[in-house]
Amino acid sequence: MAKEKRLSVDAVYERALDQLLTQGVSAVQAEAIATTVTSAERDGCLSHGLFRIPFYIGALKNDLINAAAQPTVIDNPESSVIHVDGHNGFCPAALQAGYEPVMAKAKQRGIAALAIHNVYNIAALWPEVEHLARNGFVAFAFTGANAFVAPAGGTKPLFGTNPMAFGWPRKDHPPLVFDQASSVCARGEIQLMKNAGETLPDGCAIDANGQPTNDPDAALAGAQLTFGGHKGSSIALMIELLAGALLGDVFSYESSELDKHNIGAPFGGEFLMVIDPAHGVLPGSPNNGAERAEQLFEALLAQEGTRLPSDRRYKAREKSLAEGIVISENSDS
Ligand code: NDP
């Protein structure tokens, strides 16, 4: 049985950073990845915590990767889009390079986009929309993955698990954030269920013959399914178009072809939209968008059994910061 131990959030960061630096990842890349991985571990999002370090390290086998990449920012004053070229490094460092310029652009124009190109994206998307929302902006994020998911009616993987995330700033509360895969289950959740010897919920995947399966191995060899049938399939398609076609980056099935060692480290782009809510309401209207949102949250929470997305994460965060994080000794192997 795996041994467990309790580490402070800072110690988890040091552990992640050390593992990445030891493998030859540059400081700029390793610090950004370690921050992302630690945030996930702290917020109880284990499928993107220390569990992911071997995927980052595994990606180094790929000839395409540049573990010392210094992202470059392209800010054309005539455009609303900030481009960041990740130069085949990992996504977290490219995002960090793009935050300030896209927020300045959104402040100036009301709406701006951040186009992240040529990165390995192994992470969850809530850190970026939460960061932007904490700075007062409404934010959306979209990215592809590798070909893991069959389109509605099909049986072969074509789409990625294609997540999308949304952040909404709040005055006296942390931002409202949701972040969800367009598949029923995220890939990492299936891998974690496999490691724990668990079976999958119904409707999550089909095997290589196109038959429904609850077996994680058969699901990983077959195809995952989108949530809500054709509706999730259209969202996955939209994300391929936004993060792939619109940015001139690769589709999920092309990312799989580049993943020659089958590490499961998706390559491609991420598309973010950033809105300054000060520009939202009709000019001259007495309505206050932030207050209107609070009325909606209140009406939602008045119903028993509801909660806001991100509340679970914020509670987990509070606990981790107070008590530390329990990690299993093989959670990074
Ligand atoms: P979940 O289904 O676990 O959660 C999706 C969202 O729903 C979360 O924001 C969650 O908030 C919220 N939520 C859950 N239950 C409720 C509820 N009862 N009421 C209100 N809100 C609720 O996420 P997924 O399994 O779909 O995705 C997991 C992660 O995997 C995501 O972070 C995603 O970005 C990542 N991913 C990354 C990929 C990549 O290639 N980079 C590919 C696919 C996924 P809360 O967190 O508070 O529970």
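Our structure's up above, just so we're on the same page.
The rules behind each value
Residues numbered from 1 in each chain as written. Predicted model: local features only at pLDDT ≥ 70, side-chain atom pairs only at ≥ 80, totals over all residues. Heavy atoms only, no water. Helix = DSSP H or I, 4+ residues; strand = E, 2+ residues; numbered from the N terminus. Rg over C-alpha atoms; globule rule 2.2 N^0.38 Å. Buried < 20%, exposed > 50% of the residue type's maximum accessible area, 1.4 Å probe, protein only. Contact = heavy atoms within 4.5 Å. Lys, Arg positive; Asp, Glu negative; His and termini not counted. Charge placed at Lys NZ, Arg CZ, Asp CG, Glu CD. Polar contact = N/O pair within 3.5 Å; in protein donor to acceptor, adjacent residues only side chain to side chain. 1 Å grid on protein atoms, 1.4 Å probe; cavity = no way out; pocket = protein on both sides within 12 Å on 5 of 7 lines; lining within 4 Å. Points joined across faces, edges and corners; volume = space filled by probe spheres on them. Near = heavy atom within 4 Å. Areas by Shrake-Rupley, 256 points an atom, 1.4 Å probe, with all protein chains shown as cover. Salt bridge = Lys/Arg side-chain N within 4 Å of Asp/Glu carboxyl O. Pairing = 2+ DSSP bridges. Disulfide = S-S within 2.5 Å. Axes fitted to C-alpha atoms, helices over the stretch in contact; angles between N-to-C directions. Parallel < 35°, antiparallel > 145°, perpendicular 65-115°, else oblique.

A. Spatial organisation of the overall build of the protein chain. Looking only at helices and strands, one finds eleven helices and twelve strands in the protein chain. Its C-alpha atoms give the protein chain a radius of gyration of 20 Å, near enough to 20 Å, the size a compact globule of 333 residues would have. With respect to the three principal axes, the spread of C-alpha positions in the protein chain is 60 × 50 × 45 Å. Taken across its 333 residues, the protein chain has 50% of its residues classed as buried. In the protein chain, of all internal contacts separated by at least 6 residues, the share reaching a separation of at least 24 is 67%. Across the protein chain, the mean location of the 25 positive side-chain charges is 3 Å away from that of the 38 negative side-chain charges.

B. Representation of the side chain of Asn-62 within the structure. Summarising the element assignment, Asn-62 is placed in the loop between helix 3 (53–59) and strand 2 (72–75). Residue classification places Asn-62 among the buried positions, given a relative accessible area of 11%. In this structure the side chain of Asn-62 is engaged in a polar contact, spanning 3.3 Å, whose partner is the side chain of Tyr-120. Excluding anything up to four places from it in sequence, Asn-62 contacts Tyr-120, Leu-258, Asp-259, Lys-260 and His-261.

C. Summary view of empty space enclosed by the protein. Taken as a whole, this structure holds three cavities of 30 Å³ or more when the rule is applied. Of the volumes computed, that of the largest cavity is approximately 100 Å³. If you trace the largest cavity, you find 17 residues lining it, with Gly-144, Ala-145, Phe-267, Gly-268 and Gly-269 closest to the centre. Among the secondary structure elements, those contributing two or more residues to the lining of the largest cavity are helix 8 (230–245), helix 9 (252–258) and strand 11 (267–275). Sort the elements by how many residues they give to the lining of the largest cavity and helix 8 lands first, with four residues.

D. Looking closely at the site of the ligand. What surrounds the ligand is a group of 22 residues, the closest being Ala-123, Asp-179, Ala-181, Arg-307 and Arg-312. One of the side-chain N or O atoms of Asp-179 is found 2.5 Å from an oxygen atom in the ligand. A distance of 2.8 Å is found between an oxygen atom of the ligand and a backbone nitrogen or oxygen belonging to Ala-181. Protein chains bury 73% of the 930 Å² of accessible surface belonging to the ligand in isolation. Elements with a minimum of two residues in the shell around the ligand: strand 7 (176–180) and helix 11 (311–323).

E. Quick peek at the pattern of salt bridges. Overall, the coordinates contain eleven salt bridges when judged by the stated rule. The shortest N-O distance in the salt bridge between Lys-107 and Asp-276 comes to 3.4 Å. Here the residue Lys-107 occupies a position in helix 4 (residues 91–109), and Asp-276 occupies one in the loop between strand 11 and helix 10 (289–301), the gap between them amounting to 169 residues. Classification of Lys-107 as exposed rests on a relative accessible area of 51%. Here Glu-130 ties to Arg-317 by a salt bridge, and the two come within 2.9 Å at their closest N and O atoms. Within this pair, whereas Glu-130 is found in helix 5 (residues 126–134), its partner Arg-317 is found in helix 11, the two being separated by 187 residues in sequence. Judged on exposure class, the residue Glu-130 and its partner Arg-317 are both buried. Connected through salt bridges with shared partners, the residues Arg-42, Asp-43, Glu-130, Arg-134, Arg-313 and Arg-317 form a single ionic network.

F. Broad picture of the sheet that holds strand 9 (residues 212–213). Reading across the sheet, the three strands line up as 9-8-10 and stay open at both edges, with antiparallel pairing between neighbours. Looking at which strands have only one partner, the edges of the open sheet turn out to be strand 9 and strand 10 (223–224). Here strand 8 (residues 205–206) runs beside strand 9; their pairing, made up of two bridges, is antiparallel. Within the sheet, the bridge partner assigned to Ile-206 lies in strand 9 and is Pro-212.

G. Region of interest: the state of the cysteines. Under the counting rule described, the total for this entry stands at one disulfide. The thiol of Cys-45 is not disulfide-bonded; the next cysteine sulfur, from Cys-185, is found 15 Å away. The class for Cys-45 is buried, based on a relative accessible area of 12%. Of the cysteine sulfurs around Cys-91, a residue in no disulfide, the closest is that of Cys-45, at 17 Å. For Cys-91, a relative accessible area of 1% gives the class buried.

H. How the structure looks around the environment of Ala-34. Turning to its location among the elements, Ala-34 is positioned in helix 2 (residues 27–42). In sequence terms Ala-34 and Glu-14 are 20 residues apart; their C-alpha atoms lie 7.8 Å from each other. Not counting residues up to four positions away in its chain, the partners in contact with Ala-34 are Tyr-13, Ala-16, Leu-17 and Leu-20.

I. Quick look at the packing of helix 2 against helix 4. Contact geometry for helix 2 and helix 4: axes closest at 7 Å, N-to-C directions at 95°. By the angle between their directions, the pair helix 2 and helix 4 is classed as roughly perpendicular. Contacts between helix 2 and helix 4 pair Val-28, Gln-29, Ala-32, Ile-33 and Thr-36 from the former with Pro-92, Ala-93 and Gln-96 from the latter.

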